[in-house]
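# Residue-level structure breakdown
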2 protein chains.
Amino acid sequence: MGHRTVFTALKFLLATTAVIPLVASAAEAPRAGMIGFGPASEQAQRALEAKFDAQLNAKDLRGWMERMASAPNHVGSPHDKANADFILSKFKEAGWDARIETFYVLYPTPKNVSVEMVAPTSHKATLTEGPVAGDRTSTQVADELPAYTAFGGDGDVTADVVYVNQGMPADYEQLARNGVDVKGKIVMARYGGGWRGLKPKLAQEHGAAGCIIYSDPADDGYGAGEPWPKGAERPPQGVQRGSVLDLPVRPGDPLTPNAGATKDAKRLTKETAETVLKIPVLPISYGDAQPILAALAGPMVPPNWRGGLPITYHMGGTGAVKVHMVEQSDWSLKPLYNVIATIQGSEFPDQWVIRGNHHDGWVFGAQDPLSGNVAMLAEAQAIGKLVKDGWKPKRTLVYTSWDGEEPALLGSTEWAEQHAADLAKKGVLYINSDGNGRGFLGVGGTHSYQKVVNQIAGELKDPQTGVSVLERQRARADANAYDKRGGGDAETAEAAAKGGDMPIGALGSGSDYTPFLQHLGLASVNIGYGGEGDSGGVYHSAYDSFDHYIRFGDPEFAYGVMLAKTAGRLALRTANADVLPVQAGDFADTMERYGKELHKLVDDGKKRQEALERLLKTNAFKVAGDPTKTVVPPPAEGPVPPIDLAKLDAAITKLKTSAAAFDAARVAGQGAVAPAQLAQVNAILAGADRTLLTEKGLPGRPWYKNVIYAPGLETGYGVKTLPGVREALEGKRWDEANQYAGVTAGALEAYAATLDKATALMKPKVTH
Amino acid sequence: MGHRTVFTALKFLLATTAVIPLVASAAEAPRAGMIGFGPASEQAQRALEAKFDAQLNAKDLRGWMERMASAPNHVGSPHDKANADFILSKFKEAGWDARIETFYVLYPTPKNVSVEMVAPTSHKATLTEGPVAGDRTSTQVADELPAYTAFGGDGDVTADVVYVNQGMPADYEQLARNGVDVKGKIVMARYGGGWRGLKPKLAQEHGAAGCIIYSDPADDGYGAGEPWPKGAERPPQGVQRGSVLDLPVRPGDPLTPNAGATKDAKRLTKETAETVLKIPVLPISYGDAQPILAALAGPMVPPNWRGGLPITYHMGGTGAVKVHMVEQSDWSLKPLYNVIATIQGSEFPDQWVIRGNHHDGWVFGAQDPLSGNVAMLAEAQAIGKLVKDGWKPKRTLVYTSWDGEEPALLGSTEWAEQHAADLAKKGVLYINSDGNGRGFLGVGGTHSYQKVVNQIAGELKDPQTGVSVLERQRARADANAYDKRGGGDAETAEAAAKGGDMPIGALGSGSDYTPFLQHLGLASVNIGYGGEGDSGGVYHSAYDSFDHYIRFGDPEFAYGVMLAKTAGRLALRTANADVLPVQAGDFADTMERYGKELHKLVDDGKKRQEALERLLKTNAFKVAGDPTKTVVPPPAEGPVPPIDLAKLDAAITKLKTSAAAFDAARVAGQGAVAPAQLAQVNAILAGADRTLLTEKGLPGRPWYKNVIYAPGLETGYGVKTLPGVREALEGKRWDEANQYAGVTAGALEAYAATLDKATALMKPKVTH
């Protein structure tokens, strides 16, 4: 899933994680050794990891990918089931206790889809991508579904067209300023600027009758590089498929909220399922978008709306263009095949370290998701060998290969909902990956895991440059800041320049961590490599193929092995640690930064409201506007009432103190705390992140219960941190902001209190 | 001249003036009345201006433009001479003492020019633009010169091609980082980023054998709007002509530096003229650029190098493409016809207020320059009527219509050089305009004239909105700042929000003020309207025609009349003022801001050098780079030595004090100073700006003597303020920076001392 970003295939790196200006806490200076381990256990762990590494073989990954990407493997396809069976067999072969857990979900597949311009001239979009020289699987057109977006409504519409840029809230403000509305019309949006599914959702909210989404070549085509097969980028006939379910409200099967979609689960109807759209939505290629966009009249678009087609972009809406679109889907339930494999923990079988990657693709899915899936399989095979050689993890390892991630995180969500009670008790950490590629390590996740991730990155050697993965991250941040003349993320660059820890991003959505992190409150980390080459150039297209991946993804599978080393280490260390490898100070520092951002949001919002009031009073928008054009001023806003962040500020201050005390006790206590107390400490830490949930959930979306990390309601995949407060401030819902400032403060107080409990258990042994 | 900027035809507004974050000095609160006038003289002046306005008639302007734009009017063309004769007749008709002053200058015209791709495929560029429906003069192809750039060298070259983006210094740094060099190759640069003439100059310095410049449609074509004749923008076959003489070193006839190019002047040869390029340079259309650029291989360009053609932009330089270019010119001397018209001052005949606009175009020149020229003619006619009715200006008015501005500011420069001694004694103010259009007032100039310009803008009513021109400027700045969410020029926006004076820009080059301001040290102001409609869409093209102007320029000539009212008022007020209408505080405040910018430049330069040193030491560029590509780190720089700005800081502090004292004395003394002393004050003020010259000139370009305002050596038209210091700092020439900090401090001290003299003469009468 993720979304296609220019210049990187590492989708979660830029897509689902916030910009990450956290400077690692330099104040605390822990023992230089492995976090969570005493000297003796560290030595054993290092030996174990060396054995683990020795099992990893790039050729395995290549072979598995070639096999699994040999036919379309979307939910419900024969090859999706075959892949699940293959993955199951690999787990079993490696000695895991493995099974397929099946769910039955609403997943519409296209029966009849078409997009055709009927005026001023005729042009019918091709919704199949077709064969391309050098891409062997591209000839299997008969086995593919036509290009579509899952969970658009059924419909048959002929209407005028409005180009809405990326179809985000600011774009609708711009349309209003130009006197253009979309009621009863078909909106045409380009990809980018926010998650795909928001485009039709906002279109529907604004009264549109249909929604077409296309890949503009400026962002995703010849603007990014030579198109496939000459280069890696999207060719004129390439289409980006994807989900348009209302994921920021709730992922998973739309018919079974909060419950596993088992055969006999209670189900809503499609009509009562709030996350299913009502209007038809279809994706088209830029080759097919061009004649429609070229024919539009109406106001010229502002410069940031222009794409890369050789035309003048207009907003349309004048009746000059009519498009006929049809979408009819098969709405029957489809089976999901999750593969679940377990190795029981020797000491703490009821503490689960979970590792997952999905296996379903939109078509062949070589990069997304198989590049990550084969790395995970390599880990599983290597771990199996360690177990065969007599090793046992202290905690239980649960390796999972999810089905149905693409349409709506279906497999992971249904499994998480089905096993919610167990997971709430036993879940320690969820480690996710998805597509993978050549280049740099990108990590997002719960910030208490920032240190362990940095330690792992510091120990692993980058296969291309020979320096550590961490050094390479730092070099990029530092050199980029120089080349961008201070542009970019100054705090990350500063950390890099000082040789400090590289901040990890906060997680929004777009992959399978969401149910674990944001619904159940498990600490989660998402990992992948990318940023060089460009296997993302054919994101969610039939050309995301094995042949493409071995030219432009990770030709040697060297970074597939790196992903296995990285995620495998994180799983093994978390499973084996004396004390769970968390550094609370990193989490506290990050919360402090987020708190400051909220204050700035309040201050900026006030200033902006005052400016708007003045401008409306002086009629400045009209006076400054071109009188030959339609100029509509923005609507007035009321003044910003007092926003009370004091309780939240105090909670963050308390958290900082508690975190510092915990980290100090953890370092001082290493190897010196009695096993029984350690077990208590670990049990407390394993559950610590559950304090960050609120039972009532976030405003308007009760399924999302984490008050620290959430996907934005108006960004889709992009994260909103402290979302209850932040989104209320952004949306000018002042009462809600004040209310959630209290809720969020309460959660952070509870987290701090949990740390205090752990600290108290570690301290006595040290001082006596 | 100027350059083509997207979304505005107001070329000098964005092209030749710096961004202008000066907040007007709010501390001083002068009498609300007209600056430079006592109450009685103000009343008379207002009556005079009302009479002046009554003479202005949009129909006159339209008729004159239609006539003058009816045939190609470049230097040496029959219609250029006919236009000079026509202008002369209009001046004479209006009662001015007018004559044509002729010079003979080197001005090469194309005899044989061609650009042809010869490999991998064949494509010949069309250097004629051809007829277009609805553009009546576009059929006169036989009378036009082919598209060319004046002052490129003769040559016949076949070579590999390198795309150099805009061909500016940072672009060559980027090429070097990618391991691409241009030695012996033909560089292909798109317009934009800096003045046209720098592109071949830098190409030549880097060893290129030829230079092709094209208009990219992202900036100048369908990206900016629908192409002509459907819309205003450049069509695929449209070419931008222009000068490539080395203007930042010296404008004017290349053969007669510092002297008027009279018939028998001493002349250099073309070969010894340092401002003439050696390599051939030709401009082509985007229609003709596309096949060449599409065929290039080599490294992908960075995102900010991408244009709007539907191709993947590469740097080239691999030998994949060969282009054959030929340029042979007729290098004979050509005549220039400056029209000079005078009305003798009644009280101070030896104080000259000069007003100018050129009359030569590249082809038909409707917008550039005739839209400004007809406004100036309207002023002259109105003033003639006032004189016929018995009025006389106190000071001498000199109205000028220059020839040969387009190739190299030839007419104005030769006239200024020819009359340098007189001008140094008698010049008070030079008021310039060039092309004009519909929209907003844009002003650049000597900052002591900021107040009078603001007063005039505050009194004139905008014809479209009915508010004052000043209110409209403020509304735009204020509303833009809101819409750009704090982007743009915050200080101007703040001034606008507070209802303060709108800052005027500093002048670089690109029009006829340069010899007056930057060679002779006359206070200068450049004025024009624009920013709505887009007559600049066909800048320097055969389609800059009357038919284009009346659709997309200023269809009603309402803003032509506004230009006449604005420039006319400035001329009349300066000619009639009791005390020359200068507010020294505005100049001093601006210098203070520039001084702060220099400090920031030093600080940023040090930080950047330190960062580079660290990055080279850690090998970060290589480590961060993609190992499958060529990655070359930037070259090392030595540490920044101490830069001594203390003397300059002190001079600015002194200037602030002297300026405040002068402004206070001016306000207090209005109407109270004896005529003889007033005359002395005015004589002092008239010469004050000459203190800002340094005899030795700026580093490497002795012709430019003004140490406050200069066009940038590496920007061309764009201004560099305090240029001796600023450019030395930017170029890391530390000794030069220290040296010119002293020179500049000396100039500002001398200026302050001049103010003190004037203040002393005004004060006694007030206090006794």
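Residues numbered from 1 in each chain as written. Chains lettered and ligands numbered in written order. Predicted model: local features only at pLDDT ≥ 70, side-chain atom pairs only at ≥ 80, totals over all residues.

### As for the overall build of chain A
For clarity, the cut-off: Under the DSSP-based scheme used, a helix requires at least four consecutive residues in state H or I and a strand at least two consecutive residues in state E, with every element numbered from the N terminus. In this description the radius of gyration comes from C-alpha coordinates, and the expected globular size is given by 2.2 Å times residues to the power 0.38. Buried residues are those with 20 or more other C-beta atoms within 10 Å of their own C-beta, exposed residues have 12 or fewer, and partly exposed residues lie in between; C-beta atoms are placed from the backbone.
Scanning chain A for helices and strands turns up 23 helices and 18 strands. Here the C-alpha atoms of chain A give a radius of gyration of 26 Å, agreeing with the 27 Å that 2.2 N^0.38 yields for 768 residues. Referenced to the eigenvectors of the C-alpha coordinate spread, the extents of chain A come out at roughly 85 × 60 × 55 Å. Counting all 768 residues of chain A, 62% fall into the buried class.

### What about the nonpolar core?
Residues and elements named next belong to chain B. The line we're drawing: For this analysis, nonpolar core means a set of buried Ala, Val, Leu, Ile, Met, Phe, Trp, Tyr and Cys residues linked through C-beta atoms within 7 Å. For every residue pair, C-beta atoms are placed from the backbone, and the pair is scored as a contact if these atoms sit within 7 Å.
In this structure, Met65, Ile186, Val187, Met188 and Ile212 are the most contacted members of the largest nonpolar core, which totals 229 residues. Here the element with the most residues in this core is helix α23 (residues 734-767); it accounts for 12 residues. Excluding its chain neighbours within four sequence positions, the residues that come into contact with isoleucine 186 are Val157, Ala159, Val161, Ala208, Ala209, Gly210, Ile212, Val323 and Met325.

### Observations concerning the domain arrangement of chain A
Residues and elements named next belong to chain A. Condition: Per the annotation, domain bounds derive from an automatic or database assignment of domains. In this classification, Asp, Glu, Lys and Arg are treated as charged, Ala, Val, Leu, Ile, Met, Phe, Trp, Tyr, Cys and Pro as nonpolar, and every other residue, Gly included, as polar.
As far as domains go, chain A holds domain 1 (8-17 + 59-107 + 333-445 + 511-516 + 523-577), domain 2 (109-330), domain 3 (447-506) and domain 4 (585-767). Distance between the C-alpha centres of domain 1 and domain 2: 28 Å. Listed by contribution, the elements that provide at least two residues to the side of domain 1 that touches domain 2 are β1 (97-106), α9 (405-408), α10 (410-418), α15 (513-519) and α16 (546-553). The element best represented in the side of domain 1 that touches domain 2 is α10, accounting for six residues. Tallied by class, residues from the side of domain 1 that touches domain 2 come to 22 nonpolar, 13 polar and five charged.

### Remarks on the interface of chain A and chain B
The partner chain B presents 35 residues to the 35 residues of chain A that form the contact. When residues of the side of chain A that touches chain B are traced back to their parent elements, those giving at least two are α13 (469-483), α18 (584-617) and α19 (620-624) of chain A. The greatest single-element share of the side of chain A that touches chain B, amounting to seven residues, is contributed by α13(A). Looking at side-chain class alone, the side of chain A that touches chain B contains 19 nonpolar, seven polar and nine charged residues.

### Concerning the relation of the copies chain A and chain B
The cut-off we apply is this: Alignment of the copies relies on least squares applied to C-alpha atoms, considering only residues that score at least 70 for pLDDT in both.
With an axial shift of 0.0 Å and an RMSD of 0.0 Å, the rotation relating chain A to chain B amounts to 180 degrees. The two molecules are tied by a two-fold rotation axis, judged by turn and shift. A shared binding surface is used by both copies, with 100% of the interface residues of chain A retained as interface residues in chain B.

### As for the sheet that holds strand β10 (residues 322-330) of chain B
Residue and element names in this part refer to chain B. What counts is decided by this rule: If DSSP finds at least two bridges between two strands, the strands pair. Every axis corresponds to a line fitted to the C-alpha atoms, with the helix fit spanning only the stretch in contact, and the corresponding angles, defined between N-to-C directions, vary from 0 to 180 degrees.
In space, the seven strands of this open sheet follow the order β3-β2-β10-β5-β6-β7-β9, with mixed pairing throughout. The outermost strands of the open sheet, each flanked by one partner alone, are β3 (123-124) and β9 (281-284). Relative to β9, strand β7 (residues 210-214) runs parallel, the two being bridged by four bridges. What sits directly across from isoleucine 212, in β9, is leucine 282. This element, helix α6 (residues 198-205), spans β6 (186-190), β7 and β9 of the sheet and lies at about 150 degrees to β7.

### Re the environment of Val623(A)
With respect to the helices, strands and loops of the structure, Val623(A) is situated in helix α19. Setting aside residues no more than four positions away along its own chain, Val623(A) makes contact with Thr465(B), Val467(B), Glu471(B), Arg472(B) and Ala475(B).

### What about unusual backbone geometry?
Cis geometry marks the peptide bond from Asp368(A) to Pro369(A); its omega dihedral reads 15 degrees. As for its position among the elements, Pro369(A) is in helix α8 (residues 366-388).

### Quick word on the confidence of the model for chain A
The criterion, for reference: For every residue, the predictor reports its confidence as pLDDT, a number between 0 and 100.
In the predicted model, chain A carries a mean pLDDT of 94, and 95% of its residues have values of at least 70. Reported confidences for the modelled complex are a pTM of 0.94 and an ipTM of 0.94.

### Considering the sheet that holds strand β3 (residues 123-124) of chain A
Residue and element names in this part refer to chain A. In space, the seven strands of this open sheet follow the order β3-β2-β10-β5-β6-β7-β9, with mixed pairing throughout. One side of each edge strand has no neighbouring strand; the edge strands of this open sheet are β3 and β9 (281-284). Strand direction decides the pairing type here: strand β5 (residues 155-163) and strand β10 (residues 322-330), joined by six bridges, are antiparallel. Within the sheet, the bridge partner assigned to aspartate 156 lies in β10 and is valine 326. Strands in contact with helix α6 (residues 198-205) are β6 (186-190), β7 (210-214) and β9; relative to β7, the strand with the most contacts, it is inclined by about 150 degrees.

### Some words on helix α20 (residues 646-669) of chain A
Residue and element names in this part refer to chain A. Note the cut-off: Expected helix span is given by 1.5 Å per residue-to-residue step, counting one fewer step than there are residues.
Between its first and last C-alpha, α20 extends 34 Å over 24 residues, near the 34 Å set by a 1.5 Å rise per residue. Along α20, the positions that sit buried rather than exposed are Leu648, Ala651, Ile652, Leu655, Ser658, Ala659, Ala661, Phe662, Asp663, Ala665, Arg666 and Gly669. Backbone geometry just after α20 places glycine 671 at a positive phi near 80 degrees.

### Description of helix α18 (residues 584-617) of chain B
If you check α18(B), its first and last C-alpha atoms are 50 Å apart, about what 34 residues at 1.5 Å a residue would give, namely 50 Å. Positive phi shows up at Asn619(B), right after α18(B), with a value of about 60 degrees.

### Here's the deal with the environment of Pro503(B)
Looking at the element boundaries, Pro503(B) is found in the loop between α14 (490-497) and α15 (513-519). Sequence spacing of Pro503(B) and Gln450(B) is 53 residues, and the spatial spacing of their C-alpha atoms is 6.9 Å.

### Comments concerning the environment of Gly466(B)
The topology assignment puts Gly466(B) in the loop between α12 (450-459) and α13 (469-483). For the pair Gly466(B) and Gly445(B), spaced 21 residues apart in sequence, the C-alpha separation works out to 26 Å.

### Things to note about the packing of α18(A) against α20(A)
Residue and element names in this part refer to chain A. Definition in use: Orientation labels follow simple angle bins: below 35 degrees gives roughly parallel, above 145 gives roughly antiparallel, 65 to 115 gives roughly perpendicular, and whatever is left gives oblique. Less than a right angle of anticlockwise turn of the near helix away from the far helix marks a crossing as left-handed, whereas a clockwise turn marks it as right-handed.
Packing of α18 against α20 leaves a shortest axis separation of 8 Å and a crossing angle of 160 degrees. By the angle between their directions, the pair α18 and α20 is classed as roughly antiparallel. The element α18 and its partner α20 pack so that their crossing is left-handed. Contacts from Ala584, Gly585, Phe587, Ala588, Met591, Glu592 and Gly595 in α18 reach Leu648, Asp649, Ile652, Leu655, Lys656, Ala659, Ala660, Phe662 and Asp663 in α20. Each residue belonging to the contact of α18 with α20 can be placed in one class, and the counts come to 10 nonpolar, two polar and four charged.

### Re the packing of helix α4 (residues 78-93) of chain B against helix α8 (residues 366-388) of chain B
Residue and element names in this part refer to chain B. Close contact between α4 and α8 brings their axes to 8 Å; oriented N to C, the two are set at 25 degrees. In terms of axis orientation, α4 runs roughly parallel to α8. The segment α4 lies against α8, with Ile87, Lys90 and Phe91 engaging Leu377, Ala380 and Gln381. Split by residue class, the contact of α4 with α8 holds four nonpolar, one polar and one charged.

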